[in-house]
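This is what each chain is made of:
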Amino acid sequence: MTRDALLSVRDLSASVDEKTILHHVDLDVAPGEVHVLMGPNGAGKSTLGHVAMGDPTYTVTGGSIVFDGNDITELSTDKRSRAGLFLSFQAPVEIPGVPLSSFLRSTLDERPDMKMKNKQFRKTIKELACELNMDQAYLDRELGVGFSGGEKKKVEMLQLLLLKPKLAILDETDSGLDVDALSVVSQGMDAYRERCDGTLLIITHNTRILEHLDVDRVHVMVRGHIVAEGDASMISDIDENGFEQFIGADDASEAHE
Amino acid sequence: MDAKTIQHVNAMPAPTWHRLHMNDTDVEIPAGLSVVHEVTTEIPAALAGAPDAFDAALAAEQVEWEKTHPEKTPEQRAEEERLRTEEEKTTYGGTAYSRYQIGADAIEEARSLARAFETGMGADAYAWMREVAGDPIVIAAPAGEPQEVAVRVAAVPDAVNVAAIDVVAAPNAEVTVVLSVDSPREGTGVTGTSLRVFAGTGARVHVVRTQTDDATFIDMDDAGLFTAENAFIDVRQTVLGGAKAYTGLAGDIRGTASRIDIDTRYLGHHEQQRDFNYTLRHHGEKTLCNITANGVLSGTSKKTYRGTIDLVRGCKGAVGQETETVLLADDGVVNQTVPVILCNEDDVVGNHGATIGHVRPEQMFYLASRGLSQEAAENMFVRAIMEQAAIDAPDEPSRDGVMRLGSHLLDNFEGFLDEEEA
């Protein structure tokens, strides 16, 4: 583990329905850095994000996840969240019957250091909604119900800015968004970085969302293996040459297992 | 008062398979309760009605109704009989004729609006509630400016406290009836309202009932509605408290193009029981009804919902719709739902839909990823329905009741509305 890593994934393997998805994954993210996890469709990028967050759909079959100095491999998802880990969902769920504002208030109520008086809470979320160019009427609507894809991603960004996690894993937050919504998401990421000195692990296979970010490290995943790592220059390389160059590299990884 | 069991409460008009144990329910009134009348009212003097106003209105409507629905002549009856097929005579007149069908036919044959009128909890519950309530509060709303009245029932420890209310809206009148049932004092007992509403031609009646009893009380909400031509009654019932809450509502949608809308919101948690029975009968042509029920159940609470839309012969062009959405926040809850569409007329529409479900694993993972444990998620569902009830409360006392109950159930609920309004 890198001495000062905020997130340190070591030799992590995970499966679903007895099918191994992640194979001996190593990955370190230092505080304040922006990391990008790239790879072709089906590489296991989202799985890594979900496993880091403790999704019970997956079984960790080996290795460890250390976050902020604590081994969280066995920790429940809600505790990981309260420890400062955040996962922005590729497809946020709908919760009928629960107004967005009630949901947001509950997320804060579970964090003793973030509890707010109601007036302050309403003021805060209205300001955030305004900043993200989000119609405030959505705050009283049922969570996710009838929201467009863009609105759902805005809600994800709103939560990111409200909860101020130590590390945010953004799972294809850019997928399926038009130019305007993409710009709002980028704006959210910038604000998170500026205000919280936030740490980002961005999962994507599209380089467009990275254009305005200073990326510190790029990791490439193919078939559940981390097959390459490097600095931000890898992004333009991938943009130009695609992932073809990495296909087959996972065979070498498997040979070492 | 001795212990009493009121049987066959909230009975479905057309029973279903008895082993489901949901055709009706019994209400157990504990022994040792006294009968009290701690009811406050806010009714303008001009709206005080005569004791027999409801029955008189129904009798007057009977006369009008008969003008447009003359009794069949012997010749017409003979012709109808001649046209009945052999199959109709043997099937419908034989053993397949259910008790419900026989009863429904008898009521139609009697051609009496008074006899057809019913309340949702049934005759026995109605009789008992009217007896313990004493003289009804009678509200007679004249045409003109919209009026608002309020009747508030406060739960009294070791007592039965029930209000009987008759509302008669004159032709083209508009009146809002606010009913709030709350338990400001700790204890056990029974609260209730027994409501009859007559909406005259073109009248509009809005009923908003908010029940916020502590979980040591039993609440009974019995209502019967009647709509004349072009009349509209909407009822919003919010059931938030009470160990056991019984809600029965029956509506006779009699006048042409008249309408009844029901919007029910409820919460059940711990071991609470909720029992609903709605029966809306479309008699008039082009009549409309809409029943919407939304609830959250957690803990080991139990809920039974019966919703019957009866499209009676003669209601051509009628449209009835019922929709129920229930969120089951815990594996221990028991949820029973029977939506029924009875139809004895062509050229009508009857729809029902239900969305009933536990919190799915992907939903729970999403909530957990924002720091909510299973328990916190359940609290959030409770909070959501309480907050919505507070926001939508029709007046200050109703809102105070929601806030009082909410503050007992949830942390950081006090002051929610003060700041909301600030």
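Residues numbered from 1 in each chain as written. Chains lettered and ligands numbered in written order. Predicted model: local features only at pLDDT ≥ 70, side-chain atom pairs only at ≥ 80, totals over all residues. Heavy atoms only, no water.

What to know about the overall build of chain B
Okay, so step 1: Helix and strand content of chain B: 10 helices and 20 strands.
Okay, so step 2: For 422 residues, the compact-globule estimate of 2.2 N^0.38 gives 22 Å, and the C-alpha radius of gyration of chain B, at 22 Å, lies within 12% of that figure.
Okay, so step 3: The dimensions of chain B, computed from C-alpha atoms along their principal axes, are 75 × 55 × 45 Å.
Okay, so step 4: Burial status across chain B gives 52% buried among its 422 residues.
Okay, so step 5: When contacts within chain B are restricted to residue pairs at least 6 apart in sequence, those whose partners lie at least 24 apart make up 84%.
Okay, so step 6: With the model as given, the accessible surface of chain B reaches about 17,600 Å², and the carbon-plus-sulfur share is 50%. (Helix = DSSP H or I, 4+ residues; strand = E, 2+ residues; numbered from the N terminus. Rg over C-alpha atoms; globule rule 2.2 N^0.38 Å. Buried < 20%, exposed > 50% of the residue type's maximum accessible area, 1.4 Å probe, protein only. Contact = heavy atoms within 4.5 Å. Areas by Shrake-Rupley, 256 points an atom, 1.4 Å probe, with all protein chains shown as cover.)

Section: helix α6 (residues 179-196) of chain A
Residue and element names in this part refer to chain A.
Okay, so step 1: For α6, which comprises 18 residues, the first-to-last C-alpha distance of 26 Å matches the rise-based estimate of 26 Å (1.5 Å per residue) to within 8%.
Okay, so step 2: Ala-181, Leu-182, Val-184, Val-185, Ser-186, Gly-188, Met-189, Ala-191 and Tyr-192 are the residues of α6 that are buried.
Okay, so step 3: Where α6 is buried, its residues meet α4 (118-131), α5 (149-163), β9 (167-171) and β10 (199-203).
Okay, so step 4: Where α6 terminates, the next one or two residues include Asp-197, which has phi positive at roughly 50°. (Expected span 1.5 Å × (residues − 1).)

Observations regarding the packing of α5 of chain A against α6 of chain A
All names here are of chain A.
Okay, so step 1: It is at 10 Å that the axes of α5 and α6 come closest, and there the two elements cross at 5°. Relative to α6, the element α5 lies roughly parallel. Packed against α5, whose contacting residues are Gly-150, Lys-153, Lys-154, Met-157, Leu-160 and Leu-161, the element α6 presents Ala-181, Val-184, Val-185, Gly-188, Met-189, Ala-191, Tyr-192 and Arg-195 at the interface.
Okay, so step 2: Split by residue class, the contact of α5 with α6 holds nine nonpolar, two polar and three charged. (Axes fitted to C-alpha atoms, helices over the stretch in contact; angles between N-to-C directions. Parallel < 35°, antiparallel > 145°, perpendicular 65-115°, else oblique. Nonpolar A, V, L, I, M, F, W, Y, C, P; charged D, E, K, R; others polar.)

Let's talk about the confidence of the model for chain B
Okay, so step 1: Looking at chain B as a whole, its pLDDT mean stands at 92, while 95% of the residues score no less than 70.
Okay, so step 2: Confidence metrics for the complex model read pTM 0.80 and ipTM 0.95. (pLDDT = per-residue confidence, 0-100.)

Quick notes on the sheet that holds strand β14 (residues 259-268) of chain B
In any sheet, the strands associate via hydrogen bonds between backbone groups, in a parallel or an antiparallel arrangement.
Residues and elements named next belong to chain B.
Okay, so step 1: Strand order in this open sheet of nine strands is β4-β6-β8-β10-β12-β14-β16-β18-β20, and the pairing throughout is mixed. Only two strands of the sheet have a single partner each, and these edge strands are β4 (39-42) and β20 (349-358). Neighbouring strand axes in the sheet, compared pairwise and without regard to direction, differ in orientation by 5° on average.
Okay, so step 2: With respect to the sheet, helix α8 (residues 374-392) is in contact with β12 (232-239), β14, β16 (288-297) and β18 (319-328), its orientation differing from that of β14 by roughly 135°. (Pairing = 2+ DSSP bridges.)

A look at the environment of Phe-67 of chain A
Residue and element names in this part refer to chain A.
Okay, so step 1: Topologically, Phe-67 is positioned in strand β4 (residues 59-67).
Okay, so step 2: Along the sequence, Phe-67 and Leu-85 sit 18 residues apart, while their C-alpha atoms lie 8.2 Å from each other.
Okay, so step 3: Among residues more than four places away in sequence, those in contact with Phe-67 are Leu-6, Leu-7, Ile-72, Ala-83, Gly-84, Leu-85, Lys-166 and Leu-167.

Thoughts on the environment of Val-34 of chain A
Residues and elements named next belong to chain A.
Okay, so step 1: Structurally, Val-34 can be placed in strand β3 (residues 34-38).
Okay, so step 2: Residue classification places Val-34 among the buried positions, given a relative accessible area of 0%.
Okay, so step 3: Spatially, the C-alpha atom of Val-34 lies 28 Å from that of Pro-112, the residues being 78 residues apart in sequence.
Okay, so step 4: Ignoring anything within four residues of it in the chain, the contact list for Val-34 reads Arg-193, Leu-200, Ile-202, Leu-213, Asp-214, Val-215, Asp-216 and Arg-217.

Quick word on the sheet that holds strand β2 (residues 19-29) of chain A
All names here are of chain A.
Okay, so step 1: With antiparallel pairing, four strands are arranged side by side in an open sheet as β2-β1-β4-β5. Strand pairing shows two members of the sheet lacking a second neighbour, β2 and β5 (70-71), which therefore form its edges.
Okay, so step 2: Sheet contacts for helix α1 (residues 45-53): β1 (7-16), β2 and β4; angle to β2, the most-contacted strand, approximately 75°.

Comments concerning the nonpolar core
Okay, so step 1: Core analysis: the largest hydrophobic core is formed by 109 residues, its most contacted members being Phe-103 and Val-220 of chain A together with Phe-381 and Met-386 of chain B.
Okay, so step 2: Broken down by element, this core gets its largest block of residues, 10 residues, from α8 of chain B.
Okay, so step 3: The residues contacting Val-220 of chain A, other than those within four sequence positions of it, are Met-38, His-225, Ile-226, Val-227, Ala-228, Met-234, Ile-238, Phe-243 and Phe-246 of chain A.
Okay, so step 4: Listed in part, the 50 residues of the second largest apolar core include Ala-203, Leu-249, Phe-276 and Leu-297 of chain B. (Core = buried A, V, L, I, M, F, W, Y, C linked by side-chain atoms within 4.5 Å.)

Here's the deal with the interface of chain B and chain A
Okay, so step 1: Chain B puts 26 residues into the contact, and the matching count from chain A is 39 residues.
Okay, so step 2: With both sides pooled, the region where chain B packs onto chain A buries about 2,700 Å², and carbon together with sulfur makes up 60% of that total.
Okay, so step 3: Connecting chain B to chain A are three salt bridges.
Okay, so step 4: Arg-383 of chain B is the partner of Asp-109 of chain A in a salt bridge, and the nearest nitrogen-oxygen pair spans 3.5 Å.
Okay, so step 5: Our enumeration of links across chain B and chain A arrives at 13 residue pairs in polar contact (both at pLDDT 80 or more).
Okay, so step 6: Secondary structure elements with two or more residues in the side of chain B that touches chain A: α7 (361-368), α8 and α10 (416-421) of chain B.
Okay, so step 7: Here the element with the most residues in the side of chain B that touches chain A is α8 of chain B; it accounts for seven residues.
Okay, so step 8: Looking at the side of chain B that touches chain A residue by residue, the classes come out as 12 nonpolar, seven polar and seven charged. (Buried area = accessible area lost by both parts, 1.4 Å probe. Salt bridge = Lys/Arg side-chain N within 4 Å of Asp/Glu carboxyl O. Polar contact = N/O pair within 3.5 Å; in protein donor to acceptor, adjacent residues only side chain to side chain.)

As for the packing of helix α3 (residues 100-109) of chain A against α4 of chain A
Residue and element names in this part refer to chain A.
Okay, so step 1: Relative to each other, α3 and α4 sit at 115°, their axes nearing to 11 Å. With respect to the hand of their crossing, α3 and α4 are arranged in right-handed fashion. On α4, the residues touching Ser-101, Leu-104, Arg-105 and Leu-108 of α3 are Asn-118, Phe-121, Arg-122 and Ile-125.
Okay, so step 2: Its residues assigned to classes, the contact of α3 with α4 comprises four nonpolar, two polar and two charged. (Left-handed = near helix turned anticlockwise from the far one by under 90°.)

Looking at the packing of aromatic side chains
Okay, so step 1: In total, this model carries nine aromatic pairs over all chains according to the counting rule given.
Okay, so step 2: Each ring, one from Tyr-266 of chain B and one from Phe-276 of chain B, has its centre 5.0 Å from the other, and the planes form 45°; the classification is tilted. A residue pair is termed long-range when its members are at least 10 positions apart, and Tyr-266 of chain B in strand β14 and Phe-276 of chain B in strand β15 (residues 273-282) qualify at 10 residues. With respect to burial, Tyr-266 of chain B and Phe-276 of chain B carry one shared label: buried.
Okay, so step 3: Here a set of aromatic residues connected by ring pairs shows up, and it is made of Phe-89 and Phe-103 of chain A together with Phe-365 and Tyr-366 of chain B.
Okay, so step 4: Sitting over the face of the ring of Tyr-138 of chain A, Arg-141 of chain A holds its NZ or CZ atom 4.6 Å from the ring centroid.
Okay, so step 5: Seen from the ring of Trp-65 of chain B, Arg-254 of chain B lies directly overhead, with NZ or CZ sitting 5.2 Å from the centre. (Phe/Tyr/Trp six-rings, centres within 6.5 Å; stacked < 30°, edge-to-face > 60°. Lys NZ or Arg CZ within 6 Å of the ring centre and 35° of its normal.)

As for helix α6 (residues 123-133) of chain B
All names here are of chain B.
Okay, so step 1: Regarding α6, the residues found buried are Ala-125, Trp-128, Met-129, Arg-130, Val-132 and Ala-133.
Okay, so step 2: Tucked into the core, α6 has its buried residues touching β1 (4-9), β2 (25-29), β3 (34-36), β7 (159-169), β9 (189-199) and β11 (217-227).
Okay, so step 3: Downstream of α6 by a residue or two, Gly-134 has a phi angle that is positive, lying close to 75°.

Details of the state of the cysteines
All names here are of chain A.
Okay, so step 1: Under the criterion given, the structure shown has zero disulfides over all chains.
Okay, so step 2: Distance from the sulfur of Cys-130, which forms no disulfide, to the nearest cysteine sulfur (Cys-196) is 18 Å.
Okay, so step 3: Among the residues examined, Cys-130 registers a relative accessible area of 54% and is labelled exposed. (Disulfide = S-S within 2.5 Å.)

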